[in-house]
Amino acid sequence: MRLTFTTEQRALRAEFHAFAKSEVAPEAARHDCEERVGRALIDRLAEVGFLASLISPAHGGRGLDHLGYGLLHEEMGRACSSTRSLLTVHDMVAHTVERWGDDTQRRTWLPRLTAGTAIGAFALSEPDAGSDVAALATRATADGDAYRLDGTKCWISFGAIADVFLVFARADEGLTAFLVERDTPGLEVVPLAGMLGTRGAMLAELRLTGCRVPRANLLAGPGRAHPFIVTEALTLGRYSVASGSIGIAGGCLAESRDHVAERGLMEHQLVQRLLTRMTVHYEAGRLLTFQAGELIWERHADASMAAIKAKYLAATNAAEAAHDAVQVHGAAGCTPNHPVNRYYRDAKVMEIIEGSTEVCEGLIGRFGHADVESYGAASPKTY
Ligand SMILES: Cc1cc2nc3c(=O)[nH]c(=O)nc-3n(C[C@H](O)[C@H](O)[C@H](O)COP(=O)(O)OP(=O)(O)OC[C@H]3O[C@@H](n4cnc5c(N)ncnc54)[C@H](O)[C@@H]3O)c2cc1C
């Protein structure tokens, strides 16, 4: 089996690569240093259709398919993980609205999200509930034609600038998803600074105190967020992070290959081993990631587990590749603003977000064993 691209997919990849190289990569060190992605780049991302790129053209999106989406996020991950993070969380919100929203919600939000006039952020994590969704404590209390939200959400990427938050809270009926507009009374946004990696991702804490959200802003009704909305959003997020991680791994390989050639290090067998590991892990991660993309787009029953496996492999590969890339570069890799310095810190974050490495291992170890006997057999399961 070989990963082959159609002419159209090759053209998409060339487009994404050219944009990432000319407009994103040159800004990456600044994003990292100034801890922000600038408005001008966000506007450009919207202009070329990279924000909410999977949304259908009927709602203003580009309607990318699974491979196009993965290729875009791979190129963005290689150029700048903070920018790729913006696409990830924004797209998780847009996709949730398209998939689970009603007509009014779609008409209200999708044109704004695709045009970039509204930025979306995904608010699941809490101070005492990161990996463990069952521990979420933010409360939603019915109050006439609204719900009152009380609780704290933390580590919310692009929370500092988002216009609309997809907030998960516990109502009497169970976990419920709300679209919360930034200017809603009772919502306080507290920006965070000084993160280890994806430093331009403009994280924020959200403090919800009697925050009154109209019932019209519920997605799919009370108690309907788990498992479907949360799982589907996280599956997309994991595919994006997996794609971004192979971008990091590819960037590490390219930087290391060039440095090794320039410094005449290729004759050392232990350096060859580092490049070998980077190469085969990059290729393996890419195959597993794009296979997951295909299953996600087919709404296959194995899609969620495929995304967990792809994210697990791609993130751990990226972390190892970044570690080895700094090693291959020696002191040069430790200098400020060197790409491998940034890859090293960003790759660590990939092992924590969208299901930590250990959480993925727990899920794959318990529920995700490969079907060794019938591997590759057709199983057109959809959900
Ligand atoms: C840069 C960045 C951006 C983020 N952006 C967002 C965002 O936009 N929206 C959002 O909602 N959240 C976001 N997060 C939060 C992120 O999703 C959580 O950090 C992540 O889910 C881990 O949760 P935690 O930090 O509470 O760690 P914990 O869940 O407390 O985990 C701590 C350690 O224990 C391990 N562990 C926990 N549970 C298990 C288990 N069941 N089995 C084995 N090991 C386990 C973990 O692997 C980890 O090593 C972001 C985090 C970072 C760092």
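The structure we're discussing is the one just above.
This section reports on the structure supplied with the text. These numbers come from a predicted model, not from an experiment. (Residues numbered from 1 in each chain as written. Predicted model: local features only at pLDDT ≥ 70, side-chain atom pairs only at ≥ 80, totals over all residues. Heavy atoms only, no water.)

1. Some remarks on the site of the ligand
Right, so step 1: Taken together, 17 residues surround the ligand, and among them F122, S131, W155, S356 and E358 come closest.
Right, so step 2: Here an oxygen atom of the ligand and a backbone polar atom of L124 are 2.9 Å apart.
Right, so step 3: S131 has a polar side-chain atom sitting 2.6 Å from an oxygen atom of the ligand.
Right, so step 4: Starting from 970 Å² of accessible surface for the ligand in isolation, the protein chains cover 62%. (Near = heavy atom within 4 Å. Polar contact = N/O pair within 3.5 Å; in protein donor to acceptor, adjacent residues only side chain to side chain. Areas by Shrake-Rupley, 256 points an atom, 1.4 Å probe, with all protein chains shown as cover.)

2. Things to note about the packing of aromatic side chains
Right, so step 1: Scanning the entire structure with this criterion turns up 8 aromatic pairs.
Right, so step 2: When the ring centre of W100 is taken as origin, the NZ or CZ atom of R99, which lies over that ring, is 4.8 Å away.
Right, so step 3: Seen from the ring of Y343, R342 lies directly overhead, with NZ or CZ sitting 5.9 Å from the centre. (Phe/Tyr/Trp six-rings, centres within 6.5 Å; stacked < 30°, edge-to-face > 60°. Lys NZ or Arg CZ within 6 Å of the ring centre and 35° of its normal.)

3. A few points about the side chain of R106
Right, so step 1: Note that R106 resides in helix 5 (residues 103-115).
Right, so step 2: Side-chain polar atoms of R106 contact the backbone oxygen of E98, separated by 2.8 Å.
Right, so step 3: Apart from residues no more than four positions distant in its own chain, R106 is found in contact with H59, V97, E98, R99, G101 and P111. (Helix = DSSP H or I, 4+ residues; strand = E, 2+ residues; numbered from the N terminus. Contact = heavy atoms within 4.5 Å.)

4. Some words on the pattern of salt bridges
Right, so step 1: In total, this model carries 25 salt bridges according to the counting rule given.
Right, so step 2: Residues E47 and R44 are paired through a salt bridge, measuring 2.8 Å at the closest nitrogen-oxygen approach. Residue E47 and its partner R44 are located together in helix 2 (residues 39-47), separated by 3 residues, close to a single helical turn.
Right, so step 3: For the salt bridge of R212 with D143, the shortest nitrogen-to-oxygen distance reads 3.1 Å. Placement of R212 in strand 7 (residues 204-214) and of D143 in strand 2 (residues 139-143) is noted, with a sequence separation of 69 residues between them.
Right, so step 4: Among the residues examined, R212 registers a relative accessible area of 40% and is labelled partly exposed. (Salt bridge = Lys/Arg side-chain N within 4 Å of Asp/Glu carboxyl O. Buried < 20%, exposed > 50% of the residue type's maximum accessible area, 1.4 Å probe, protein only.)

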